[in-house]
Amino acid sequence: MIQKLFLRREAGILLMIILFCAFVGIMRPRFLTLDQFRIILLLVPLILIGAMGQMLVITARHVDLSIGSIQGLAAMLTALMFKFHPEIPWGLGFVVAIGVGIILGLVNGVLITAFGLPAIIVTLGTLSLYRGLTFIVSNAKQIDRQFVPAALKAMSQDSPSYAVPWIIVIAIAVALAAYWFANHTIIGRQVYALGSNPVAAPLRGIRVNAVTILVFAISGALAGLSGILYASRWGFVNPSNTGTGFEFQVIAAVVIGGVSINGGIGSIPGVILGVFLLGCVSAALPLLGIPGTAQAAIYGAVIVMALLIDRSVRIRANSALSGLQRGHA
Amino acid sequence: MTDHVGVIHKNAVMDSAPPRPLWSVILVRPETMTFLLLILAIFAGGQLSPYFLDVGYILDSFTLTAELSLLALVLTLVIISGEIDLSPASNMALSACLFAYALSFGWPLWIAVLVGMGSGMIMGAINAFLIISLQLPSIIVTIGTLTLFRGLAQVIAGDKSIRLPEWYIGIDKIYVLGLPAPDMIFIIVSSVLALILGMTIWGRQIYQTGTNETSAQYAGIRTRRIKAILFISMGLTASLAAMIYVSRLGSVRYDLGIGGELQMVLMAMLGGTYIFGGRGTILGTFLAALLLSVISTGMTTANLLPATQLCVLGVLLIISIIVTNFIYSRTQR
């Protein structure tokens, strides 16, 4: 039983987190304080929410490069609503942001399934399209702090209990919902089936197109949610900064979290740990005196490293499997 | 006996579908669509502004996209071989930073060129190692190296811009046989690649690799070596493009050519390269590069915002891949 637990991918990521924190903690004891933990937690909610959607997409053997631009466009449309219609209750912003995200995600999904196109090209195209639309609707102007409702900004500071801000509570709720969806619903399991064998999936009666579109819609919806939370967290929405590079952070978190790029393999707890590991790394950089400009390079290195780990795990799993067969024969 | 063979032969001919007429073979090709679109775009540009139809103006404006067009040419080969590379634009930025630093240290040009090309090649080799030796999917690998290379450029250059020495600036102001030098380089490289791809055994093997890698291996084609060479030459081309780019701009920042992967892929797709490999021509990418240059110049002439251009490029990418897939599915036997 214990051995089984250690063999799981999550154990490896957990070990990496512990080793990393121990290393930084020895170098800079300040890293292991509760305050620092709070900083880490505040760094990750957006990536965590985005990663839940991207995890489903990659598990279904696709990839969604457009989530950064969806985040930007959803945040911008919501912020514009706040600016020009302050009389609308701010809670509706969530409906708008998620709605925009769903529509944009549906566009991705429908294009991919209706024409049989590779997701990477379609989402590369919509990445550019949605970003362009963000500039157009905003007239290339930033929405400043005074237009974002105070109640929304407070969500990143105020907490329902135990000094945990709302934004983190929302992220955890999303993660729990994603866990339930991926593991305890029929459609969730169909996503795995589709990713592990796209040829066999339709033969098992899985409606491949519907599942694919749904996965992209979920990814879009969560990117939209992360958009309004961006406005809450940073207090402004900028057409060129909001969400740029978000897709790379999320993909890094997802692949380090043990989601196989060949589809069909991946767990929500693993992705959560992956997100947390990235958060630890980002929080440790300033303490270790590494400039913030190094962040992108680290995300890139993390993706490549995770691919190498994924490969070695896959080879070991295969050889274990063939060893098993030999043993029985 | 001869009669018998003759009968079989005759039957075989009658059973197979009649060959498509030549006009249909030529017309139903993605390259033809690209060519027609190019003429249409030039015509539309002429309507926008009377100055647009000046050949010198079109040639000069092509220097703005010549570097990415160069990358798109090699990317076409990579896509034909059944892989994809999204990292060249980042590779270009990192090579450019290293090259510019080497020059700003006052090192002689040949050492700087060596540094630039060497780094470009190493980056290509890293991709090749991960994709071919370790058999990882090129999509995710090059997304990773895209972030990594650009990030390293940011680490090296920070937020500063590196100034190049005066004597190195201005390749686009040099004219060779009446053409700006970057255009000339683009034409030479595309002719060479077209010859390699269309005329040499090695070129045909690239197609075979992309069509069906397993059967290509059974036919004795060293598909892994072909792909490795393609990825490394992709890196080399990226560093070459970087040197042209910095000479044109006069200074380098880490965000040089950011988002260029979209335009590169767009040029290859517009030129009728089949995203699943095995089909596509250099001629198509050549025409698509011209088309894209005309379109973006036209949009600038028409005072469209850069944001609108971003939208147009994105929509164009999706439409071009839909059309290309449609044409190929119709002509597939």
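Everything numeric here is computed off the predicted structure, so don't read it as measured data.

Participant: Explanation requested: helix 10 (residues 186-196) of chain A in the structure shown.
Facilitator: Along an α-helix, residues three or four apart share an orientation, since each turn contains 3.6 residues. All names here are of chain A. Listed as buried for helix 10 are G188, V191, Y192, L194 and G195. Seen along its axis, helix 10 keeps its buried residues to an arc of 160°; they face one direction. On its buried side, helix 10 packs onto helix 4 (45-59), helix 9 (166-184), helix 11 (200-203) and helix 12 (208-234).

Participant: Explanation requested: empty space enclosed by the protein in the structure shown.
Facilitator: Residues and elements named next belong to chain B. This structure, assessed with the given rule, holds one cavity of 30 Å³ or more. Taken as a whole, the largest cavity spans an internal volume of roughly 30 Å³. Put simply, the parts of the chain that give the lining of the largest cavity at least two residues each are helix 6 (88-104), helix 7 (109-133) and helix 12 (223-249). For the lining of the largest cavity, the leading source of residues is helix 12, giving three residues.

Participant: How should the confidence of the model for chain B be read in this particular structure?
Facilitator: Residue and element names in this part refer to chain B. Summarising the model, chain B shows a mean pLDDT of 85, and 93% of its residues fall at 70 or more. Averaged over each element, pLDDT in chain B is lowest for helix 1 (residues 2-15) (50) and highest for helix 5 (residues 66-80) (93). This complex was scored by the predictor with a pTM of 0.86 and an ipTM of 0.82.

Participant: How do you make sense of the nonpolar core when you look at a structure like this?
Facilitator: As a rule of thumb, nonpolar side chains are buried together in soluble globular proteins. F31, M52 and L225 of chain A are the most contacted members of the largest nonpolar core, which has 193 residues in total. No other element matches helix 5 of chain B, which puts twelve residues into this core. Other than its neighbours up to four places away in sequence, M52 of chain A contacts V174, A175, A178, L222, I268, V271 and I272 of chain A.

Participant: Just to check I follow, could you spell out a nonpolar patch on the surface for this structure?
Facilitator: Residue and element names in this part refer to chain B. The grouping of M33, V315, I319 and V323 at the surface amounts to a nonpolar patch, some 290 Å² of accessible area in total. Here the element with the most residues in the nonpolar patch is helix 15 (residues 306-331); it accounts for three residues. Residue position: M33 is located in helix 3 (residues 30-48). On the basis of relative accessible area, M33 is assigned to the partly exposed category, the value being 38%.

Participant: Looking at this structure, I do not really get the packing of aromatic side chains. What am I missing?
Facilitator: Per the stated rule, a full pass over the model turns up twelve aromatic pairs over all chains. Ring plane angle 50° and centroid distance 5.1 Å describe the contact between F62 of chain B and F186 of chain B, whose orientation is recorded as tilted. With F62 of chain B in helix 4 (residues 55-62) and F186 of chain B in helix 9 (residues 181-199), this residue pair connects regions lying 124 residues apart in the sequence. The structure contains a cluster of three or more aromatic residues connected by ring pairs, namely Y230, W234 and F236 of chain A. The positively charged end of R233 of chain A is found above the aromatic ring belonging to W234 of chain A, 4.5 Å away from the centroid. A cation sits over an aromatic face here: R248 of chain B above Y245 of chain B, 5.0 Å from the ring centre.

Participant: What should I look at first to understand unusual backbone geometry in this one?
Facilitator: When glycine is set aside, most residues are seen to have a negative phi, and most peptide bonds are trans. You will see that R61 of chain A, though not glycine, has its phi angle at about 65°, which is positive. With respect to the helices and strands, the residue R61 of chain A is situated in the loop between helix 4 and helix 5 (67-84). If you check the backbone angles, Q135 of chain B has positive phi at about 55° while not being a glycine. Residue position: Q135 of chain B is located in the loop between helix 7 and helix 8 (138-157).

Participant: Whenever I open this one, the side chain of R248 of chain B confuses me. Can you help?
Facilitator: All names here are of chain B. Looking at where R248 falls in the secondary structure, it is placed in helix 12. Residue class for R248 comes out buried when judged on its relative accessible area of 14%. A distance of 3.3 Å separates a polar atom in the side chain of R248 from the backbone oxygen of T63. Those residues in contact with R248, other than ones at most four positions away along the chain, are T63, L64, E67, I171 and D172.

Participant: Looking at this structure, how should I read the interface of chain A and chain B?
Facilitator: Accessible area lost upon the coming together of the parts is a frequently used measure of interface size. Contact with chain A, which involves 37 residues of that partner, is made by 38 residues of chain B. Carbon and sulfur atoms make up 86% of the area that chain A and chain B hide from each other, which totals about 3100 Å². Here chain A and chain B share zero salt bridges between them. Put simply, chain A and chain B have one residue pair in polar contact (both at pLDDT 80 or more) between them. Of all elements in the fold, only helix 6 (92-115), helix 7 (119-138), helix 13 (246-256) and helix 15 (295-328) of chain A reach the threshold of two or more residues within the side of chain A that touches chain B. At 13 residues, the largest contribution of residues to the side of chain A that touches chain B is made by helix 7 of chain A.

Basis of the calculations
Residues numbered from 1 in each chain as written. Chains lettered and ligands numbered in written order. Predicted model: local features only at pLDDT ≥ 70, side-chain atom pairs only at ≥ 80, totals over all residues. Heavy atoms only, no water. Buried < 20%, exposed > 50% of the residue type's maximum accessible area, 1.4 Å probe, protein only. Helix = DSSP H or I, 4+ residues; strand = E, 2+ residues; numbered from the N terminus. Arc of directions from axis to C-beta. Contact = heavy atoms within 4.5 Å. 1 Å grid on protein atoms, 1.4 Å probe; cavity = no way out; pocket = protein on both sides within 12 Å on 5 of 7 lines; lining within 4 Å. Points joined across faces, edges and corners; volume = space filled by probe spheres on them. pLDDT = per-residue confidence, 0-100. Core = buried A, V, L, I, M, F, W, Y, C linked by side-chain atoms within 4.5 Å. Patch = residues over 30% accessible without salt bridge, like charges linked within 9 Å, V, L, I, M, F, W, Y side chains within 5 Å. Areas by Shrake-Rupley, 256 points an atom, 1.4 Å probe, with all protein chains shown as cover. Salt bridge = Lys/Arg side-chain N within 4 Å of Asp/Glu carboxyl O. Phe/Tyr/Trp six-rings, centres within 6.5 Å; stacked < 30°, edge-to-face > 60°. Lys NZ or Arg CZ within 6 Å of the ring centre and 35° of its normal. Polar contact = N/O pair within 3.5 Å; in protein donor to acceptor, adjacent residues only side chain to side chain. Buried area = accessible area lost by both parts, 1.4 Å probe.

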